[in-house]
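These are the residues of each chain, in order.
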Protein chains: 4
Amino acid sequence: MTHKIAILGASGYTGAELVRLIATHPTMEIVALSADRKAGMDMSDVFPHLRHLDLPALCKIEAIDFSAVDLCFCALPHATSQRVIKDLPKDVKVVDLSADFRLRDPEEYVKWYGGAHDALDCQAEAVYGLTEFYRDDIKTARLVAGTGCNAATGQYILSPLIKAGVIDFDQIILDLKCAVSGAGRSLKENLLHAELSEGYHAYAVGGTHRHLGEFDQEFSKLAGRPVRIQFTPHLVPANRGILGTGYVHGDAKQVYDTLVETYKDEPFVEVLPFGQTPSTKHIRASNFCHIGVVADRIEGRAIVVAALDNLTKGSSGQALQNANLMLGEDETTGLMLAPVFP
Amino acid sequence: MTHKIAILGASGYTGAELVRLIATHPTMEIVALSADRKAGMDMSDVFPHLRHLDLPALCKIEAIDFSAVDLCFCALPHATSQRVIKDLPKDVKVVDLSADFRLRDPEEYVKWYGGAHDALDCQAEAVYGLTEFYRDDIKTARLVAGTGCNAATGQYILSPLIKAGVIDFDQIILDLKCAVSGAGRSLKENLLHAELSEGYHAYAVGGTHRHLGEFDQEFSKLAGRPVRIQFTPHLVPANRGILGTGYVHGDAKQVYDTLVETYKDEPFVEVLPFGQTPSTKHIRASNFCHIGVVADRIEGRAIVVAALDNLTKGSSGQALQNANLMLGEDETTGLMLAPVFP
Amino acid sequence: MTHKIAILGASGYTGAELVRLIATHPTMEIVALSADRKAGMDMSDVFPHLRHLDLPALCKIEAIDFSAVDLCFCALPHATSQRVIKDLPKDVKVVDLSADFRLRDPEEYVKWYGGAHDALDCQAEAVYGLTEFYRDDIKTARLVAGTGCNAATGQYILSPLIKAGVIDFDQIILDLKCAVSGAGRSLKENLLHAELSEGYHAYAVGGTHRHLGEFDQEFSKLAGRPVRIQFTPHLVPANRGILGTGYVHGDAKQVYDTLVETYKDEPFVEVLPFGQTPSTKHIRASNFCHIGVVADRIEGRAIVVAALDNLTKGSSGQALQNANLMLGEDETTGLMLAPVFP
Amino acid sequence: MTHKIAILGASGYTGAELVRLIATHPTMEIVALSADRKAGMDMSDVFPHLRHLDLPALCKIEAIDFSAVDLCFCALPHATSQRVIKDLPKDVKVVDLSADFRLRDPEEYVKWYGGAHDALDCQAEAVYGLTEFYRDDIKTARLVAGTGCNAATGQYILSPLIKAGVIDFDQIILDLKCAVSGAGRSLKENLLHAELSEGYHAYAVGGTHRHLGEFDQEFSKLAGRPVRIQFTPHLVPANRGILGTGYVHGDAKQVYDTLVETYKDEPFVEVLPFGQTPSTKHIRASNFCHIGVVADRIEGRAIVVAALDNLTKGSSGQALQNANLMLGEDETTGLMLAPVFP
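The model shown is predicted, which means the values in this text are computed figures rather than measured ones.

Enquirer: Lay out the packing of aromatic side chains with the relevant residues and their values.
Expert: Applying the stated rule across the entire model yields 44 aromatic pairs over all chains. A connected cluster of aromatic rings, assembled from ring pairs, spans A:Tyr13, A:Phe47 and B:Phe341. The cationic tip of A:Lys253 hangs over the ring face of A:Phe274; the distance from NZ or CZ to the ring centre is 5.3 Å.

This is how it looks when you write it as structure tokens:
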């Protein structure tokens, strides 16, 4: 049986990554690709790397016959996504890659995204899409909200530790290093090759990054009380990858054991031998997340480092993993592509 | 039916690329991986990006039971390859990725590689492995000699034009830009990040690059008389990719039509619309080759540009394509992975 | 004595490069910096790398008192430049970095730049600013037109050879590799880090690049008859640098001797030992140009490779070299900064 | 008056960087360059970017006439340095760039460097070379020990805060991102372009990096009691630059004021406006250090970020700054080169 797939917002990086992954998926067929301003163009004009594929031309959303669609990936910009999704037929399954349905509390949404939510019903219905922690809910969900790529990285490091109570909730620092594709295909001066290559810097320093909304929500829920972490993202001169360095107060061996236990049956999360740490180079273009734990020289402190590809495990790969579950497929279908090295 | 595969020299980049590709190949199983100096180690210690795979440990070649091997990829260094291959059981099919069996004429081998060949019988038997031009011979071959990555790029541009006689054989220039992984995982000062990043230069200028041996052999054969081209490779700060810019004297439209006709049924070679040229960015980590033709402002001259990934179409992907044919599989099996962008 | 300097269009890369160079120039003082849309801002807000300098705030051109200016660098966009320069007081010396005054023939200007020239008087007066070939004219010029960065590279390779008549004028190919800063600080999708890093491609293929107008003008003048070369620029993933690979028909030793003789007293052009070729890595952020010559295996053909930094020798450094001459300073003043490696 | 300068270990990156800086220094002249294994070669064969300079050929140390040397930069590997320096004539001033004389306590040296010190007399005499904090001692020193590049970055962030007592000494985390040239011109697999480009990772995690010896020594001295910080360096795909992200418990405004006050007269340390943070891109190839402070959303916590160029301010520039002081020159002589951007 073949699942009919639509991708809304196919002209961005996450849209293209979805097409790349679905290209070799055995039971999915792309029946519609939307891109508002590029409607009428061939996908290969926008993304020449996909020219070997037989794909539908880009169209406007209004032109899609959703009665012939089983599942719709929504890779639209934040805010646009909610306006589109609330009008989709209710029998179409939806995996949203935007930030619009990640926060459960409407007030938190207003706080982090600066405006009222336009589709509160959908927000109430949406399941948070971090597969490893919400697998059962995702299987039966109609609408899944993809986790932010930084937020995913931080949760792979911290969620099991907070849930198990093996670290001090008030002394958590997450220092993150992100590659540039996380910022999307947007024309900003600081994303130019000449501005970024050979340089790196912190941004959204001091607790202003929107993914903190997700951290606050998820970590507080796990802890049963408010948890606020410190979080500093940095932009590094690479195209794909996120490396999160977590500083926690807790026994390193206990931290390690907790992570090993949590992820022991997970197909995509690999915990390295104790004392080893990962590189973004080793998960590139794949759905894998590598995690390592090291004991600090100061007793009672541990460093936990995780690496994943922001476009794959942090976004489109995660979305496909969820879609597999929603459609009754094995979670790993089409996603076991090995990382590309070097 | 599953084909039992051995990879000799699995600790280099082409070996790792073979494992990456075979990881999602439906009918191949890796039963042996050799790496002389790293025998005993796990592949994931040498290449952590492959740690999710269940692979045999690295071993010495002598430890491999070749009676349980259907096909052997040989990713050993030049010169070593011939000494190993001549001693392999004759009922094991072999795809060699080294330069050892590319040249048909022993004297040419001596000229370009600086020493007598050690396995002249095998050399006589070997089929030149540029699939698009030797497909029928490869299907029945026991030993296939993988084309050099620069040599493949140049031949995709020039072989159809020389065969069709639509260009002046004495006015051919090939200016090539290669990424660094083509040089392998070797500890050379000029391959250090600090030495290469942000800089680029020509090398082997003036006709000293060994791949000229392949060009001379193949082009002269097609032309029915000696053909000598000018060839300058350049090293650019990227990891994967070759871009060949061919300057030819001939009618651009005729050149274009010849390429379109030659490649019209080829699954991996895509000729772009007339006037467009390719980017290495759009074939990265895939087995595709993109080719474009432009007419020069000087009448009777054309520029033909081709892009491919040196590790995939230029080496391990090409090898797998040939192995598929040798084993009776569809040529594209396991190779339709879409390019990774961005 | 201190020369009062104004820089018009200081918010682009060539403007910033001028400031960088003048920062340690012993006899120049920057008295005005213009940037139309950023008027009122501090230079350090636009270019934080210059924050240690005590610079005038950015202003509109109208706000500059040109009676207190000795020499004005004009780093404005093409077409804008001519409209500004024609209205400048005639006693202010001007070094223009745009393309507006490079072509002598108004019809050629129309052909390459697609519109009539707005300041024909100035065009008639302007001196072509390739210092090594127009030194005497530059010394007494009021208006100097900076050479294009690609055009400069090609002329360092070819002009002496055409002038000496040691190569075949009808068989000249120039294959160029440019870094991305040559495209300026402009918001174009193909200049994004994610689009460019790890990839490379040809552009303006077939004789459509505007710098061909300069080649045609200068080479024909030297040859005493029309000369048309083939020219293909490529964009490579680096920030600074141009590498030109010239293919010529001529005796390599004679080619070499001609270049050695031409440049023997030049402070910034270095001819490498015969058989060696340069790297952009070795001239980065400096005003030097390195040139190498190799004999091809085909008798009677030579390859000449040149490397320079597009922002320095190809633009702002060249401009400062000319300004030194126009102001009666030693040509090398402030320009002997060693290349930055690695 | 011209100071006669020798550079021992001139074939490494810090040696080359010294030559680059001294090339435009008005009162220094390089009279000797040593490189043991490359003795006899021209510097331009080892570093072609320096070919425009008139430099002495590389020689063995034994060949240097130190009676004609005023000051000697020692850019030799750790351990080698001490054996060489102890035998130098005592009237030659020495700036050492290795780690050999940074630690005051011989036992700490053994602990971090794994062997007994070979020149304890010199170790006792050496002055720690972080100019901003040891300026007076450096002026009269004979032997100055250059600070480690990571150690310098951390101290610019933390030393003033510890000295002023405005942060909690037991809750200091320094997350560092270093470019690759810090590892030197050494043939290691992990420094190859193909291994590093497009990837990044942590190393020496958990408190094993040798620069912690410097932190422990300096911070404990300033605090008047033992201070142990957490420190994680990361390797990022860039050639030059260190970005240190310091997490401290303390009032952000007080932290900021302390840094502003400390550095207000420093020529090379720039404190950005409150709330802004620096980029390595803006200090590249210069002797400047940019520092920024941001208040975290958690009250009582601040993030301090510093950027410097590891080869310049972190090593050779710092060394030259010290040499200027030792020779009675203005500290900034030859060092006011503006950063290279882009």
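Enquirer: Give me the lowdown on the sheet that holds strand β8 (residues 173–178) of chain B, citing residues and values where you can.
Expert: Residue and element names in this part refer to chain B. Taken together, 7 strands build an open sheet; the order of strands is β9-β10-β8-β11-β14-β13-β12 and the sheet is mixed. Each edge of the open sheet is held by one strand with a lone partner, namely β9 (201–202) and β12 (269–271). Bridge count between strand β11 (residues 242–249) and strand β14 (residues 301–308): 8 bridges; the pairing is antiparallel. Counterpart to Ile242 in the pairing with β14 is Leu308.

Enquirer: Lay out the domain arrangement of chain A in plain terms, naming residues and giving numbers.
Expert: All names here are of chain A. The domains assigned to chain A are domain 1 (3–125) and domain 2 (149–310). Computed from C-alpha atoms alone, the centre-to-centre distance between domain 1 and domain 2 is 26 Å. Domain 1 puts 13 residues into the contact, and the matching count from domain 2 is 15 residues. Of the roughly 1200 Å² buried at the junction of domain 1 and domain 2 (both faces included), carbon and sulfur atoms supply 46%. The largest per-residue losses of area from domain 1 upon contact with domain 2 belong to Tyr13, Arg102 and Trp112, which jointly make up 49% of the total buried on that side. Connecting domain 1 to domain 2 are 2 salt bridges. One salt bridge connects Arg240 with Glu17, and the closest N-O pair in it is separated by 2.6 Å. Counting across the domain 1 and domain 2 interface gives 7 residue pairs in polar contact (both at pLDDT 80 or more). Contributing elements (two or more residues each) for the side of domain 1 that touches domain 2: α1 (13–22) and α4 (106–113). Looking at the side of domain 1 that touches domain 2, the element that brings in the most residues is α1, giving 3 residues. Classifying every residue of the side of domain 1 that touches domain 2 gives 6 nonpolar, 2 polar and 5 charged.

Enquirer: Tell me about the UniProt feature "domain: Semialdehyde dehydrogenase NAD-binding" (unreviewed entry) in chain A, and please be specific about residues and values.
Expert: According to UniProt, the positions carrying the feature "domain: Semialdehyde dehydrogenase NAD-binding" (unreviewed entry) are residues 4–141 of chain A. Taken as a whole, residues 4–141 of chain A contains 31% helix and 17% strand, while its terminal C-alpha atoms sit 17 Å from one another.

Enquirer: Would you mind going over the relation of the copies chain C and chain B in detail, with residue names and values included?
Expert: With an RMSD of 0.0 Å, the operation that places chain C on chain B is a rotation of 180° combined with a shift of 0.0 Å along the axis. The transformation just described matches what one would write down for a two-fold rotation axis. Considering only C-alpha atoms, the residue of chain C closest to the rotation axis is C:Pro237, which sits at 3.3 Å. Counting the interface residues of chain C, we find that 98% of their copies in chain B are interface residues as well, pointing to one common contact surface.

Enquirer: Please provide a residue-by-residue account of the pattern of salt bridges, values included.
Expert: Scanning all chains against the criterion turns up 90 salt bridges over all chains. We note a salt bridge from D:Glu195 to B:Arg185, for which the minimum N-O separation is 2.8 Å. Linking D:Glu195 in helix α8 (residues 193–196) with B:Arg185 in the loop between β8 and α8 (193–196), this pair reaches from one chain into another. B:Arg185 shares its class with D:Glu195; the two are buried. One salt-bridge network, in which partners are shared between bridges, spans A:Glu17, A:Arg20, A:Arg240 and A:Asp309.

Enquirer: How would you explain the sheet that holds strand β4 (residues 71–74) of chain C if you had to name every residue and give the values?
Expert: Note: strands within a sheet are paired through backbone hydrogen bonds, in either parallel or antiparallel orientation. All names here are of chain C. Sheet architecture is open: 7 strands sit in the order β3-β2-β1-β4-β5-β7-β6, paired in parallel fashion. Lying at the two open borders of the sheet, with one neighbouring strand each, are β3 (58–59) and β6 (127–128). Direction of pairing for strand β5 (residues 93–96) relative to strand β7 (residues 143–145): parallel, over a ladder of 3 bridges. Bridge pairing in β7 places Val94 opposite Leu143. Across the sheet, helix α1 (residues 13–22) is in contact with β1 (3–8), β2 (28–34) and β4; its angle to β1 comes to roughly 160°.

Enquirer: Give me the pairing of strand β5 (residues 93–96) of chain D: which residues, what numbers.
Expert: The side chains of a regular strand alternate, first on one face of the sheet and then on the other. Residue and element names in this part refer to chain D. Here strand β4 (residues 71–74) runs beside β5; their pairing, made up of 4 bridges, is parallel. Its bridge partner being in β5, Leu71 is matched across the sheet by Lys93. Each parallel crossover has a hand, and for β4 linked through helix α3 (residues 80–85) to β5 it is right-handed.

Enquirer: Explain the environment of C:Asp251 to me, using residue names and the numbers behind them.
Expert: Residue and element names in this part refer to chain C. Structurally, the position occupied by Asp251 is in the loop between β11 (242–249) and α10 (252–263). Residue class for Asp251 comes out partly exposed when judged on its relative accessible area of 41%. A distance of 2.9 Å separates the side chain of Asp251 from the backbone nitrogen of Gln254, its partner in a polar contact.

Enquirer: Break down helix α10 (residues 252–263) of chain A for me, with residues and values.
Expert: All names here are of chain A. Here α10 contains 12 residues, and its C-alpha end-to-end distance of 17 Å stays within 8% of the 16 Å for a straight helix at 1.5 Å per residue. Taken together, the buried positions of α10 are occupied by Ala252, Val255, Tyr256, Thr258, Leu259 and Tyr263. The buried residues of α10 occupy one face: seen down the axis, they fall within an arc of 160°. Buried-residue contacts for α10 involve α6 (131–139), α7 (149–164), β11 (242–249), β12 (269–271), β13 (289–295) and β14 (301–308).

Enquirer: How would you explain the interface of chain B and chain A if you had to name every residue and give the values?
Expert: Interface size, as often reported, equals the accessible area lost upon joining of the parts. Listed as interface residues are 35 residues of chain B and, on the opposing side, 35 residues of chain A. Counting the surface lost from both chain B and chain A, the interface buries some 2900 Å², and carbon and sulfur atoms represent 64% of this. Across the contact surface, chain B and chain A share 2 salt bridges. Residue A:Glu270 is joined to B:Arg51 by a salt bridge in which the shortest nitrogen-to-oxygen separation is 3.0 Å. Counting across the interface, chain B meets chain A through 6 residue pairs in polar contact (both at pLDDT 80 or more). Elements represented by at least two residues in the side of chain B that touches chain A include exactly α1 (13–22) and β12 of chain B. Looking at the side of chain B that touches chain A, the element that brings in the most residues is α1(B), giving 3 residues. By residue class, the composition of the side of chain B that touches chain A is 18 nonpolar, 8 polar and 9 charged.

Calculation rules
Residues numbered from 1 in each chain as written. Chains lettered and ligands numbered in written order. Predicted model: local features only at pLDDT ≥ 70, side-chain atom pairs only at ≥ 80, totals over all residues. Heavy atoms only, no water. Phe/Tyr/Trp six-rings, centres within 6.5 Å; stacked < 30°, edge-to-face > 60°. Lys NZ or Arg CZ within 6 Å of the ring centre and 35° of its normal. Pairing = 2+ DSSP bridges. Helix = DSSP H or I, 4+ residues; strand = E, 2+ residues; numbered from the N terminus. Domains from an automatic or database assignment. Contact = heavy atoms within 4.5 Å. Buried area = accessible area lost by both parts, 1.4 Å probe. Salt bridge = Lys/Arg side-chain N within 4 Å of Asp/Glu carboxyl O. Polar contact = N/O pair within 3.5 Å; in protein donor to acceptor, adjacent residues only side chain to side chain. Nonpolar A, V, L, I, M, F, W, Y, C, P; charged D, E, K, R; others polar. UniProt positions renumbered as here; feature names shortened; annotations may be inferred. Least-squares fit on C-alpha atoms with pLDDT ≥ 70 in both. Buried < 20%, exposed > 50% of the residue type's maximum accessible area, 1.4 Å probe, protein only. Axes fitted to C-alpha atoms, helices over the stretch in contact; angles between N-to-C directions. Right-handed = clockwise from strand over helix to strand, strands pointing away. Expected span 1.5 Å × (residues − 1). Arc of directions from axis to C-beta.

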